[in-house]
Every structure is written in C-alpha cells, then in structure tokens.
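Read off the chains here:
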Amino acid sequence: MSESVITPPSAATDMATALPNAPGVLQEVAVEPKAPATKRSKKVKKLTKKDIDEVLMHDIVDLRGHNHWDWDPKTPPPFQNFEELEVTIGSLTQSGEGLALLPDRGDGWVLVVPFVVPGEKVKARVYRHNWGYSHADLVEVIQPAENRIAKDDILCKYFGTCAGCQLQHFSYADQMKFKRQVVENAFKNYASKYFASLPPVDPVSQSPIQSEYRTKITPHFEALNPKHQSAGKAQSVQIGFMQAGKRRILDIEECPIGTPIVNEGMKIMRAEVQKNIASYKKGATMLLRESNPIVPGTESDDPPTTTKICVTDHKATITEWVGKYRFDYPAGSFFQNNNAILPSLIGYVQQQLHLPLSSAGAAIAEPTLASTSTTLNHEIKYLVDAYCGSGLFGITCHEGFKKVLGVEISAASISCATNNLVLNKLSTDTTAFHLDDADKIFAHIDFPSEETALIIDPPRKGCSEEFLDQMVAFLPARVVYVSCNVQTQARDLQGLLDRCASKGLPGYKVEAIRGFDLFPQTRHVEGVMTLTRL
Ligand SMILES: C[S@@+](CC[C@H](N)C(=O)[O-])C[C@H]1O[C@@H](n2cnc3c(N)ncnc32)[C@H](O)[C@@H]1O
C-alpha cells in the first residue's frame, strides 16, 4: 500500500478555484432537475484527487486528527456495493451531515451520513465513493441522541427525504450552535494565518420565525415519459423539490418553511401542472414569490394598506417592505428570502457602519432597523455599496451619510435600485446606483478613503482578485462584508490582509464576526464581518 498525503488547501489561490464548485457549499436554492435516475450506478470508479471536496476534507481531517492515508487509490474503495454498516457519528460537516470514522476500513475511511446527530449509532448504506470517504444513505437510527427532535415534532413530513432542509432534527438552539461553529470553522480553515488575532465569533442572530419564513420557493416538475405515454402506461406526476442524495423529484404539496401565501400559490400551480401535464414536452422549475403590494386607493394613506399575493411570472414586479422602506424588484431577480430577519440584519449593519473608528468593538444592544439615528458616526461620511442588487443596503443604511454610491452588474437590478430611491423619497443627488462591475468600483469614486465605509455583499463565489486589489489601493476606513458563503468570506479576508501585508500597510482590525440565520432548518448561514482600517 502506498501512503497518500492529502493536504487541505490553505493558500488563498487554491481556494479561489476550489470553493465555488465545492459540493459542501451547494446553492441555497435546489438545483435544476436532471433526468431521473432510478438506480444508482454499480460501477466502482477509480478515484482521483479531483474527487476531493475541499470544504469537506477539512472536516474529515479534523475527525481523523491527521491527513495521512495509508491507502492505494488504485485499489477500489473498501466496501461492497451498497454495503450496510452500523456506525457511530463522530462529528458534523459544515453542510450539517454526520461523519463516522471506520478505523478498520481503508486506513480510517470516513462515511458521510445525512440527517444524524453526533454520538448516534446508525445504520447507513454506502452508495458513492470519493478519495478517503464515501457517501451513505441513512437507513435507521439505532441509538438516537438525547437532543434529537422526536419524529412527531419534526416540522415537515418530508424531512429526511427532501434535499431542501438538513437540520429539522435539531432544536433551534442546537441549529444556532451548529451555525456559529460553521462560521468559526470557516475562518479557522480559510483565514488560518490570521485566525489567532480574530475576535471570538459572536452567537448567531436568530430568525424571529423558524417556519413559514421563505418568501420565495422554486419547485420543479418533469414531463411525462413519451415512451410510457405512447404505451399507455400510468405515470405519476412529481411536483416538488429534489430528493436527498438522488436526482429525482419528490412530490410535495406544501413546504413548511415557505410563507402561507407561497404555499397557497403552490397548491394552485400544482393543480394546473397536474391538469396539463400531457402538454409539457419538458420539465421546468416554477417560481413562487410573495409580494406585498399596496391596496389600490390607499396609496396616500400613511401608512398605506398592503396585501399579500403570490407571483409566478419572473418578469412581474414584487413589492417588499423592510421596516419603513419599500423595495420593488423583478420576481426573477435576487432579493433576500427571509423578510422577517431583515430589520435586525439591517440594524446590525447600520450599527457596524457607525462604530467609532478609534474604539470600535464595543458591546452593542440588540439591533433594530430604527436605532441608527442616535448612534451615527460622523467620522464616516460616505458609503459605497458594492454588489448592491436593488439597493437594499444603500437605501436602508443611507442615513448619516453625505453620499451613497452603489454598484451592481445587473441592469435590471440597477434600474430597480434607482426606482427604489424615488419610491423611498431619497435624493438622487446624494444617493446613486451605477451599472458596473464591482471590480472597477473605485475607479469612479472620489470619496476620501478615511471617511468612507464599504459594504460588500457578493454572490457565493465571493470577491475576485481584482476587487481585492483595488480595495487595497483605495483602503476604505470601515468595511462591512455580508456573505451567504462564510468560506469565501474568510478566504477574502485572508486575501485582503495578505495584500496589505505585502505592501507594508498596517491593514485592518477585524471588529466582529457574526452569523445571521436567514435560513432556519437548513445548513446555510449568512456571515457579517466588520473591519476597521488601522
Ligand atoms: C448576494 S446578492 C446581494 C444583493 C444586495 N446586496 C441585496 O442584499 O439585495 C449579489 C449581487 O451581486 C451582483 N453581482 C454579481 N457579480 C457582480 C459584479 N462582478 N459586479 C457587481 N455586481 C455583481 C448580483 O447581480 C447580485 O445582485
């Protein structure tokens, strides 16, 4: 047997390519449906280093305590096809799956098992192999952990079969502990050079509601099989979300994390698709999004009366309210999906923007959207909102700034952002949104850097090298970095601090790192990190 050494990546450049596609950091929204696969492949494939999921490998190395494998990758993985094993769950991955170490298989092979709790003894069926680890389905919980939520108390009857939620078998307090650990591990693994000097990661800010919070859901369906159709074979129509661990759609009538109005919409949409299924040549992903338009005739009331509707047309306009602010945007474009937590997320971002530059990091009260007027920091006068979308942060955080400039690459979002300025009666002389690549954001900015705060809220892949280069050339006094991918967020922190160090600049102090639970019952967490220029 040869000894293979797998070194988890630590260099920012390695992670720049590894992270966006890593299976451990899957998209928040379920993937597009693919052709149904009724059977798992029986072929045992040869493994290569390409099979390593970089994020998962950190968890595996932590569980094993080292990264040496005395295992020859040319030999097949140490299992029979679909072997069932009784294992004890040792830890959780950053994606909320369990890891079990098998010391007597393949020099410490690791099984990845979903829907389990550390300490539990479970039966698992192996189905897919990677370098040093295999994925397995959960067959049975033999000895449940004390903190496992009882079956009858689990929110959704499809939990464990549907791929949408991973943590419904955890109490909400345990979900919060898990997510705080995910944030901490991201910085430990991807900002490792600076981890010792970071402040302790704060507890995750909870969502005020843990069910019925998602204002957007995207169920899928597949067309009927034409061969079965012409043979007159009965076929059932599956309309719902992807099954856990399978490329197959699970038929779901209702999603308990969706708001009541999107579930109403789902009922109508399902009936429609079921009635007309024979006319569909291809399957599709449907959009169901909550909108809160003003009831006609009440526009001039203060406040106007709003109603709730479910929108299914990608191009239709959604109206959403965040505290006193109104946002209109196309249904198919990006907007945060948990409206209930936005006041506390925005309130926190406002507070972080206005922390005193000299003695930042003081304990802060529970943030609320309205709390800024008493805490404005007059050292910082300008705000740059990079990746501004339809203007959420630029608009809700504009108070106390002389000028606000947002930049966004989507033309549709920029025209909404500009329209949202008007809807919220903000002056276009002091707040503006420009269509541009965030990589060039500082080319057009003449704000003094020592009086400028920057909000960064990029897509999951994080900031580009070019973005970080120009940021270091400008050096904003305060940075608040919001991210739905804490691994790329931590990687970018290390990239930023490395760049400062290589130029002999004092760099930034990290004031605070905190998760926000925008996605209860799922593995996802939104990270917010505050930096002050030294
Ligand atoms: C996570 S969303 C945040 C949007 C907004 N901050 C919000 O909370 O509604 C990321 C946004 O970045 C935009 N984006 C992606 N790549 C970009 C780039 N290179 N330059 C500017 N904007 C970009 C996307 O269109 C999207 O609107």
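Keep in mind the model is a prediction, meaning the values are calculated, not measured.

Colleague: Help me understand the sheet that holds strand S15 (residues 288–291), please; the structure alone is not making it clear to me.
Modeller: Picture the strands of a sheet paired through backbone hydrogen bonds; they go either parallel or antiparallel. If you walk across this open sheet you meet the three strands as S10-S15-S16, and the pairing is antiparallel. The sheet is open, and its two edges are formed by strand S10 (216–217) and strand S16 (309–311), each paired on a single side. Bridge analysis of S10 against S15 gives two bridges, and the strand direction is antiparallel. Along S15, the bridge assignment pairs Ile217 with Leu288. Together, S10, S15 and S16 form the strand contacts of helix H5 (residues 260–276), whose direction differs from that of S15 by roughly 140°.

Colleague: What is the right way to read helix H6 (residues 342–353) from this model?
Modeller: Three- or four-residue spacings in an α-helix give side chains the same orientation, since the helix completes a turn every 3.6 residues. With 12 residues, H6 extends 16 Å from end C-alpha to end C-alpha; this agrees with the ideal 16 Å at 1.5 Å per step. In terms of residue burial, H6 counts as a mostly covered element, since 10 of its 12 residues are buried. Of the positions making up H6, those classed as buried are Leu342, Leu345, Ile346, Gly347, Tyr348, Val349, Gln350, Gln351, Gln352 and Leu353.

Colleague: Would you explain the packing of helix H9 (residues 465–474) against helix H10 (residues 486–502) in this entry?
Modeller: Packed helices, taken two at a time, are described by the angle their axes make and the gap between the axes. Two elements in contact, H9 and H10, have axes separated by 10 Å at closest approach and are oriented at 45°. The angle between H9 and H10 places the two elements in the oblique class. Between H9 and H10 lies a crossing of right-handed hand. Facing Leu468, Asp469, Met471 and Val472 of H9, the residues of H10 in contact are Asp492, Gly495, Leu496, Arg499 and Cys500. Broken down by class, the residue content of the contact of H9 with H10 amounts to five nonpolar, one polar and three charged.

Colleague: What am I meant to see in the UniProt feature "binding site: S-adenosyl-L-methionine" (unreviewed entry) in the chain here?
Modeller: UniProt records the feature "binding site: S-adenosyl-L-methionine" (unreviewed entry) at Gln336, Tyr387, Glu408 and Asp457, using the numbering of this structure. By secondary structure assignment, the location of Tyr387 is in the loop between strand S19 (382–386) and helix H7 (392–396). Residue contacts for Tyr387: discarding those within four places in its chain leaves Glu408, Ala438, Ile456, Asp457 and Pro458. Structurally, the position occupied by Asp457 is in the loop between strand S22 (452–456) and H9.

Colleague: Please explain the site of the ligand as it appears in this structure.
Modeller: Among the 19 residues in the neighbourhood of the ligand, the closest are listed as Tyr387, Gly389, Ile409, Ala438 and Asp457. Elements supplying a minimum of two residues to the shell around the ligand: H7 and strand S20 (403–408). In terms of residue class, the shell around the ligand is built from 11 nonpolar, four polar and four charged.

Colleague: What is the right way to read the pairing of S22 from this model?
Modeller: Two faces belong to every sheet, and in a regular strand the side chains alternate between them. Among the five residues in S22, five count as buried, and that is most of the element. With burial as the criterion, each face of S22 is covered, one bearing Thr452, Leu454 and Ile456 and the other bearing Ala453 and Ile455. In this structure, S19 lies alongside S22, joined through five bridges in parallel fashion. Directly across from Val384, in S22, lies its bridge partner Leu454. The pairing of S22 with strand S23 (residues 478–483) spans four bridges and is classified as parallel. Looking across to S23, one finds that Leu454 is bridged to Val479. This β-α-β element, S22 to H9 to S23, shows right-handed connectivity.

Thresholds applied
- Residues numbered from 1 in each chain as written.
- Predicted model: local features only at pLDDT ≥ 70, side-chain atom pairs only at ≥ 80, totals over all residues.
- Pairing = 2+ DSSP bridges.
- Helix = DSSP H or I, 4+ residues; strand = E, 2+ residues; numbered from the N terminus.
- Contact = placed C-beta atoms within 7 Å.
- Axes fitted to C-alpha atoms, helices over the stretch in contact; angles between N-to-C directions.
- Expected span 1.5 Å × (residues − 1).
- Buried ≥ 20, exposed ≤ 12 C-beta atoms within 10 Å, placed from the backbone.
- Parallel < 35°, antiparallel > 145°, perpendicular 65-115°, else oblique.
- Left-handed = near helix turned anticlockwise from the far one by under 90°.
- Nonpolar A, V, L, I, M, F, W, Y, C, P; charged D, E, K, R; others polar.
- UniProt positions renumbered as here; feature names shortened; annotations may be inferred.
- Near = placed C-beta within 6 Å.
- Right-handed = clockwise from strand over helix to strand, strands pointing away.

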